[in-house]
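Residues per chain, in single letters:
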Amino acid sequence: MPEERPPVAIIMGSQSDWETMKNAADTLEILGVDYEARIISAHRTPDRLVAFAKGARDEGFKVIIAGAGGAAHLPGMTAAMTPLPVFGVPVQSRALSGQDSLLSIVQMPAGIPVGTLAIGKAGAVNAALLAAAVLALYDDDLAERLDEWRERQTDAVAEYPLDDTP
Ligand code: RP5
């Protein structure tokens, strides 16, 4: 019997994406959500992609966060091969500042959805929050931790601006 996977898979096209995708991992850690992070390139490791995406549900994953940059086929190709929800994070590319990544991920044809987030760190953090929100539908403890996370965020916003910020 293979080992059951954590609920969230964070996949990315390259080691160079980790700097961005680590923000998703850090957010999941704060929320107490287990994850597995893997490098899977749609272009350089297509067989690894097929094996992962086709087996993801049976392995026990519940939600997939997929980050990629440039001609970013990873989220869409993953979504094509799994019924699990896939959230795509456009990584900021050097050549086109992530516009290429965003358009590659967001313009899926009808029938294969990828929930597309913002370019870069904001997208990675929000992908983790969305993944947690999905899991929280059936996990009251996680729902509570998510509420507390939002309360802390609200409490951290000062009502009045300061002249000199630290
Ligand atoms: C994409 O190409 C990756 O997702 C990455 O964002 C981009 C550049 O990859 P490297 O050349 O840095 O490996 O497949």
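Residues numbered from 1 in each chain as written. Predicted model: local features only at pLDDT ≥ 70, side-chain atom pairs only at ≥ 80, totals over all residues.

## Observations concerning the overall build of the chain
Phase 1 of the analysis: Of the regular secondary structure elements, the chain holds 6 helices and 5 strands.
Phase 2 of the analysis: Taken from N to C terminus, the helices and strands of the chain fall in the order β-α-β-α-β-α-β-α-β-α-α.
Phase 3 of the analysis: Buried positions account for 38% of the 166 residues belonging to the chain. (Helix = DSSP H or I, 4+ residues; strand = E, 2+ residues; numbered from the N terminus. Buried ≥ 20, exposed ≤ 12 C-beta atoms within 10 Å, placed from the backbone.)

## What about the site of the ligand?
Phase 1 of the analysis: Every residue close to the ligand is listed here: G13, S14, S16, D17, S41, H43, A68, G69, G70 and V91.
Phase 2 of the analysis: A per-class count over the shell around the ligand returns 2 nonpolar, 7 polar and 1 charged. (Near = placed C-beta within 6 Å. Nonpolar A, V, L, I, M, F, W, Y, C, P; charged D, E, K, R; others polar.)

## A word on the nonpolar core
Phase 1 of the analysis: By size, the foremost hydrophobic cluster in this structure holds 42 residues, and its most contacted members are A24 and I65.
Phase 2 of the analysis: Counting only elements with at least two residues in this core, the list comes to β1 (8–12), α1 (18–31), α2 (46–59), β3 (63–69), α3 (74–80), β4 (86–91), α4 (99–106) and α5 (121–136).
Phase 3 of the analysis: Among the elements that line this core, the one with the most residues is α5, at 7 residues.
Phase 4 of the analysis: If sequence neighbours within four positions are ignored, I65 has contacts with V8, I10, A24, F87, V89, A127, A128 and A131. (Core = buried A, V, L, I, M, F, W, Y, C linked by C-beta atoms within 7 Å. Contact = placed C-beta atoms within 7 Å.)

## Brief notes about the pairing of β3
Phase 1 of the analysis: With 7 of 7 residues buried, β3 is to be regarded as a mostly interior element.
Phase 2 of the analysis: Burial of β3 is two-sided: the residues V63, I65, G67 and G69 facing one way and the residues I64, A66 and A68 facing the other way are all buried.
Phase 3 of the analysis: Sheet topology note: the β1/β3 ladder contains 5 bridges and is parallel. Considered in β3, the bridge of V8 is made with V63.
Phase 4 of the analysis: One ladder, built from 6 bridges, connects β3 with β4; its direction is parallel. Paired with A66 across the strands is G88, a residue of β4.
Phase 5 of the analysis: The parallel pair β3 and β4 is bridged by α3, and the resulting crossover is right-handed. (Pairing = 2+ DSSP bridges. Right-handed = clockwise from strand over helix to strand, strands pointing away.)

## Observations regarding unusual backbone geometry
Phase 1 of the analysis: The phi dihedral of S97 is positive, around 55°, even though this residue is not glycine.
Phase 2 of the analysis: Structurally, S97 can be placed in the loop between β4 and α4.

## Observations regarding the environment of K22
Phase 1 of the analysis: Along the chain, the position of K22 falls in helix α1.
Phase 2 of the analysis: Judged by the 16 C-beta atoms lying within 10 Å of it, K22 falls in the partly exposed class.
Phase 3 of the analysis: With 99 residues separating them along the chain, K22 and K121 place their C-alpha atoms 8.7 Å apart.

## Examining the UniProt feature "binding site: substrate" (unreviewed entry) in the chain
Phase 1 of the analysis: When the UniProt feature table is mapped to this numbering, "binding site: substrate" (unreviewed entry) covers S14, D17 and R44. Across 31 residues in sequence, these annotated residues keep their C-alpha atoms within 14.3 Å of one another, forming a single compact spot.
Phase 2 of the analysis: By the secondary structure assignment, D17 is in the loop between β1 and α1.
Phase 3 of the analysis: Once you skip the residues sitting within four places of it in the chain, D17 turns out to touch M12, G67, A68, G69 and V91.
Phase 4 of the analysis: Judged by local crowding, R44 falls into the exposed class, with 11 C-beta atoms found within 10 Å. (UniProt positions renumbered as here; feature names shortened; annotations may be inferred.)

## Focus: the UniProt feature "domain: PurE" (unreviewed entry) in the chain
Phase 1 of the analysis: Those residues carrying the UniProt feature "domain: PurE" (unreviewed entry) are residues 6–157 in this numbering.
Phase 2 of the analysis: The distance separating the terminal C-alpha atoms of residues 6–157 is 33 Å; by composition the span is 49% helix and 16% strand.

## Remarks on the packing of α1 against α5
Describing two packed helices takes the angle between their axes plus the distance from one axis to the other.
Phase 1 of the analysis: Between α1 and α5, the shortest axis-to-axis distance is 7 Å and the interhelical angle comes to 35°. The element α1 and its partner α5 pack so that their crossing is right-handed. Residues T20, M21, N23, A24, T27, L28 and L31 of α1 form the contact with α5, whose own contacting residues are K121, A124, V125, A127, A128, L129 and A132. (Axes fitted to C-alpha atoms, helices over the stretch in contact; angles between N-to-C directions. Left-handed = near helix turned anticlockwise from the far one by under 90°.)

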